[in-house]
Amino acid sequence: MRSAVNVKVAGFGGQGVMMFGQILAYSATKDGINGLWFPSYGPETRGGTANCSVIVSEETINSPVFKNANHCIIFNLPSLDKFRSNVETNGLILYNSSLIEEKVNEPNLTCVGVPINDIAIELGNAKVANMVMMGAYLELTHLFSDKTILAIIEKILGEKKADLVEINVKAIEAGKQYIQQQGVVYAA
Amino acid sequence: MAKILMKGNEAIALAAIKGGVDAFYGYPITPQNEVPEYLSKHLIANGKVFLQAESEVSAINMVYGAAGAGARVMTSSSSPGIALKQEGISYIAAAELPCVIVSVMRGGPGLGGIQPSQADYYQATRGGGNGDYQLICYAPESIQETIDTMKGAFDTADFYRNPVLVLVDGLIGQMMESVDFDRPVKQRILLEKSWATNGTKNHPGSRNIANSLHLDPVKLEEHNIHLQKKYKLIKQNETQVEMIHMDDPDYVIVAYGTMARICRSAISMLNEKGIKVGMIRPITIWPFPEQAFDQIPSTCKGILCCELSMGQMLDDVLIANNGRHKVGFFGRSGGMVPDPEEIVDAIVNFKDKVVK
Amino acid sequence: MEVKYQKSVGLTDTPLTYCPGCGHGIVHKLVAESLVELGLLDKAIAIASVGCSVFSYQFFNCDAQQAPHGRACAEATGIKRVLPNNIVFTYQGDGDLASIGIAETIHAANRGENITVIFINNAIYGMTGGQMAPTSLIGQKTTTSQDGRVQALHGSPIHISEMFATIEGVAYMERVSVYDPKHVIQAKKAIKKAFQYQEEKRGFTMVEVVSSCPVNWGMKPTDAMNWVKTNMIEEFPLGIFKDKGDQNA
């Protein structure tokens with residue numbers, strides 16, 4: 001891992017954007033490195049576009065805010081328009097091709113579309129689209145192990161929602177498989 | 001203990017519990033609501049006191065009552081709410097009662113906004129309450145430092161019989177970080193609260209009174225001189241500052257809280273450009289680390305004060321600098337948080353930022 | 001020599017600062033005697049408010065706090081919640097309680113805070129020199145209603161006892177007066193009952209005392225007491241407005 005990875009996650013409220021970011025920060029903490037998560041908060045998170053920033057680093061995290069992300073995880077079109085120009089050279093834009101028809105292409109960036117809504121509906125639970133995205137993201141970056149992610153998901157769902165662990169794990173697997181099938185490799 | 005990931009506001013609450021809080025009185029306001037929410041669950045479950053007051057005004061006066069009764073008590077709020085508490089804060093400081101006040105700053109003035117800000121530096125260090133009083137005011141830069149501060153805050157308040165204000169911006173309240181709750185706290189020798197108004201049966205032969213009224217001007221001046229002696233002692237013993245890269249810097253940044261962390265990243269970027277920048281990071285903003293400015297070498301080309309405000313700590317920087325170096329200012333407000341690149345630009349274009 | 005009567009040990013030796021003919025001195029005595037007779041003095045904490053009774057912390061011979069204007073019930077709440085077995089009472093005037101402190105008082109009552117409020121209603125701001133109070137009578141001349149209180153301009157006198165009787169958390173609410181010995185005895189019974197209820201942890205108790213302010217009313221002490229009897233009691237009828245103890249008995 002490099003010294004710090006800056007991740008921007010953005011989409012509609014309700015798409016699981018905040019949770020996606022929190023899982024990364026929880027995973028970093030579990031792996032004994034530093035995680036930082038902060039949300040765009042307040043009324044804008046209700047129904048409108050929501051975004052959060054995550055920093056994962058082996059070193060002490062200085063600025064919690066960053067201009068450009070290394071990885072930009074985009075769940076809808078307004079978020080793509082807002083953040084596509086704020087990605088570091090050699091960075092990654094991972095986007096929801098179920099809601100974004102355009103074949104995204106930015107110079108010096110790896111851009112990967114995953115139809116997360118379609119895959120989630122095929123799996124039988126539209127709500128796990130964000131975990132399909134998570135699978136795709138982990139397959140591209142290998143940021144955290146399956147074991148770490150599973151432990152965090154189990155912790156977040158808790159005993160009350162333990163029955164949902166299985167579908168979430170399936171969604172992550174489906175996201176990984178999609179990337180493998182596409183043969184996309186993210187080098188950075 | 002292994003680190004855990006925790007939201008700043010919840011970490012404040014848990015650290016208060018670790019610091020020995022007996023009672024919390026507060027009123028809802030964004031962006032600090034997770035503080036009372038967390039405490040409402042965990043204080044009551046442990047036989048401690050949590051009460052949602054009818055207003056910030058009531059909450060701070062409940063704090064006054066409980067502090068006078070000898071309890072370790074706190075409140076938390078955000079900018080407009082802290083404004084409402086100023087009356088009570090002045091009374092508590094005047095009556096020399098210990099308490100902890102957490103202020104999670106949002107954009108102002110007025111109802112302002114709910115995004116992060118540092119526009120309450122005046123409110124924290126100059127006070128909106130009446131009279132010559134001071135709060136011991138910490139301005140941590142991370143959730144970890146906030147936890148360490150909160151854990152020791154009740155001891156500090158008790159030691160000096162003075163309110164302690166922990167001042168953070170909304171970003172620290174709302175973000176999550178990997179933190180450790182088991183770091184050591186400064187040990188203080190604390191006396192029994194023989195002054196507490198807990199009934200004369202607990203201290204036969206004398207009456208304890210929590211009071212701020214001294215109608216006789218001679219008495220009131222004596223009281224003020226007494227308070228100033230205490231404040232002088234606090235200045236001597238409690239001033240905290242971090243000096244970063246202060247060996248032969250081209251420029252020195254002065255920043256606290258989240259802004260200091262943004263500046264840390266900017267300083268790394270500037271170093272890569274071959275510009276040597278140091279930082280004075282006040283950890284206490286009252287007392288303000290004036291003496292740190294004596295360490296700025298005469299070759300330094302300027303001091304840049306950076307704040308999430310239109311320039312409030314700037315006053316203290318100008319006083320501490322005392323005309324020795326050029327002083328510039330960079331600020332954002334209203335909830336706008338700059339990225340490190342903006343600080344880099346401000347140093348590169350320092351001459352455009354000079355105010356004095 | 002046999003002592004027939006002496007100052008209550010519930011009061012300190014500090015001379016009272018109240019004006020001749022003012023009801024505060026009488027009510028202080030009643031509060032002090034009640035605490036002593038109930039054996040509660042050494043665990044009592046008095047909250048002095050802002051107004052003429054601002055110095056009451058010097059007079060009650062127990063621990064005390066002096067509260068900002070209107071905030072006595074909030075301060076009492078803060079104390080009582082951390083010291084639930086002590087006796088906590090506020091001593092407030094009509095400006096402090098019924099005007100600037102009405103929110104604190106209503107919410108303390110509504111939470112059923114187990115505190116006692118001694119509310120002195122003399123229909124005027126005494127300490128600041130005779131301004132109109134929320135309890136001033138219609139037509140009453142004050143320094144800020146120089147042609148008399150007018151309902152259309154200033155509203156009507158606020159009825160605290162009637163209002164608080166409607167609040168669930170209130171265990172005891174009585175309005176008394178101190179204009180003659182008979183009523184002084186009745187006032188003491190009410191105050192004692194309020195403290196007794198607090199000791200029994202029954203909830204919020206308040207005694208409203210309709211009292212006099214001869215100096216700011218511009219009257220002789222005897223005339224002032226007569227004015228209480230003839231004018232104020234008409235607006236503020238005496239009696240028990242709520243007694244949960246009776247209901248439960």
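Residues numbered from 1 in each chain as written. Chains lettered and ligands numbered in written order. Predicted model: local features only at pLDDT ≥ 70, side-chain atom pairs only at ≥ 80, totals over all residues.

## Section: the overall build of chain A
Phase 1: Secondary structure assignment for chain A yields six helices and six strands.
Phase 2: When the elements of chain A are put in sequence order from the N terminus, they spell out β-α-β-β-β-α-β-β-α-α-α-α.
Phase 3: In terms of overall dimensions, chain A is globule-like: its C-alpha atoms have a radius of gyration of 15 Å, near the 16 Å expected for 188 residues.
Phase 4: Its C-alpha atoms give chain A principal-axis dimensions of roughly 40 × 40 × 40 Å.
Phase 5: Relative to its full complement of 188 residues, chain A shows a buried share of 49%.
Phase 6: By sequence separation, contacts in chain A at least 24 residues apart represent 55% of the contacts at least 6 residues apart. (Helix = DSSP H or I, 4+ residues; strand = E, 2+ residues; numbered from the N terminus. Rg over C-alpha atoms; globule rule 2.2 N^0.38 Å. Buried ≥ 20, exposed ≤ 12 C-beta atoms within 10 Å, placed from the backbone. Contact = placed C-beta atoms within 7 Å.)

## Comments concerning the interface of chain B and chain A
Phase 1: Between chain B and chain A, the residue contacts involve 21 residues of the former and 19 residues of the latter.
Phase 2: Counting residues per element, the ones that place at least two in the side of chain B that touches chain A are strand E1 (4-7), helix H7 (170-174), strand E8 (176-179), helix H9 (257-272) and helix H11 (340-348) of chain B.
Phase 3: Of all the elements, H9 of chain B adds the most residues to the side of chain B that touches chain A, at five residues.
Phase 4: For strand E2 (residues 34-39) of chain A and E8 of chain B, the ladder comprises two bridges, and the chain directions are antiparallel. Bridging from a neighbouring strand, Trp37 of chain A pairs with Met176 of chain B of E8 of chain B. (Pairing = 2+ DSSP bridges.)

## So, the sheet that holds strand E6 (residues 136-138) of chain B
Residue and element names in this part refer to chain B.
Phase 1: Taken in spatial order, the seven strands make up an open sheet running E3-E2-E4-E5-E7-E6-E13, and their pairing is mixed. Each edge of the sheet is formed by a strand with only one pairing partner; in this case those strands are strand E3 (49-52) and strand E13 (284-286). Here the average twist between neighbouring strands, direction ignored, is 20 degrees. (Axes fitted to C-alpha atoms, helices over the stretch in contact; angles between N-to-C directions.)

## Examining the domain arrangement of chain B
Residues and elements named next belong to chain B.
Phase 1: Along its sequence, chain B is carved into domain 1 (4-238) and domain 2 (243-352).
Phase 2: Computed over C-alpha atoms, the centres of domain 1 and domain 2 are 28 Å apart.
Phase 3: On the domain 2 side, the residues contacting the 28 residues of domain 1 number 22 residues.
Phase 4: Elements supplying a minimum of two residues to the side of domain 1 that touches domain 2: helix H5 (121-125), E6, strand E7 (163-169), H7 and helix H8 (217-238).
Phase 5: If one sorts the elements of the side of domain 1 that touches domain 2 by residue count, H5 sits on top with four residues.
Phase 6: Classifying every residue of the side of domain 1 that touches domain 2 by side-chain character gives 16 nonpolar, eight polar and four charged. (Domains from an automatic or database assignment. Nonpolar A, V, L, I, M, F, W, Y, C, P; charged D, E, K, R; others polar.)

## Examining H8 of chain B
Phase 1: Relative to the 32 Å expected for 22 residues at 1.5 Å per residue, H8 of chain B spans 30 Å between its end C-alpha atoms, a close match to the ideal helical length.
Phase 2: Here H8 of chain B lies mainly on the outside; two of its 22 residues are buried. (Expected span 1.5 Å × (residues − 1).)

## Focus: the packing of helix H3 (residues 56-68) of chain B against helix H4 (residues 79-94) of chain B
Residue and element names in this part refer to chain B.
Phase 1: Running from N to C, H3 and H4 cross one another at 25 degrees; their axes reach a closest spacing of 8 Å. Classed by the angle they form, the pair H3 and H4 counts as roughly parallel. As for the relative orientation of H3 and H4, their crossing is right-handed in sense. Contacts from Glu56, Val57, Ile60, Asn61, Val63, Tyr64 and Ala67 in H3 reach Gly81, Leu84, Lys85, Gly88, Ile89, Tyr91 and Ile92 in H4.
Phase 2: A per-class count over the contact of H3 with H4 returns nine nonpolar, three polar and two charged. (Parallel < 35°, antiparallel > 145°, perpendicular 65-115°, else oblique. Left-handed = near helix turned anticlockwise from the far one by under 90°.)

## Observations regarding the interface of chain C and chain B
Phase 1: On the side of chain B, 34 residues touch chain C, which itself brings 28 residues to the contact.
Phase 2: At the level of secondary structure, the elements contributing two or more residues to the side of chain C that touches chain B comprise strand E1 (44-48), strand E2 (63-66), helix H3 (72-82) and helix H5 (102-110) of chain C.
Phase 3: It is H3 of chain C that provides the largest number of residues to the side of chain C that touches chain B, a total of eight residues.
Phase 4: A class-by-class count of the residues in the side of chain C that touches chain B yields 14 nonpolar, seven polar and seven charged.
Phase 5: As paired strands, strand E9 (residues 209-210) of chain B and E2 of chain C are joined by two bridges and run parallel to one another. Counterpart to Ile209 of chain B in the pairing with E2 of chain C is Ala64 of chain C.

## Regarding unusual backbone geometry
Phase 1: Cis geometry marks the peptide bond from Gly108 of chain B to Pro109 of chain B, where omega comes out at 0 degrees.
Phase 2: Secondary-structure assignment places Pro109 of chain B in the loop between strand E5 (99-105) and H5.
Phase 3: Omega for the peptide link from Trp286 of chain B to Pro287 of chain B comes to 0 degrees, which places this bond in the cis form.
Phase 4: Assignment of secondary structure puts Pro287 of chain B in the loop between E13 and strand E14 (302-307).
Phase 5: With phi around 70 degrees, Asn90 of chain A is a residue other than glycine that occupies positive phi space.
Phase 6: Structurally, Asn90 of chain A is set in strand E5 (residues 87-96).
Phase 7: Here Asn90 of chain A falls in the exposed class, since 12 other C-beta atoms lie within 10 Å of it.

## Points about the pairing of strand E4 (residues 73-78) of chain B
The side chains of a regular strand alternate, first on one face of the sheet and then on the other.
Residues and elements named next belong to chain B.
Phase 1: A large share of E4 lies buried, amounting to six of its six residues.
Phase 2: Taking every second residue as pointing to the same face, both faces of E4 are buried, with Val73, Thr75 and Ser77 on one and Met74, Ser76 and Ser78 on the other.
Phase 3: As judged from the two bridges shared by strand E2 (residues 23-26) and E4, these two strands associate in the parallel manner. Bridge assignment links Phe24 to a residue of E4, and that residue is Met74.
Phase 4: The sheet contact formed by E4 and E5 spans five bridges and is parallel.

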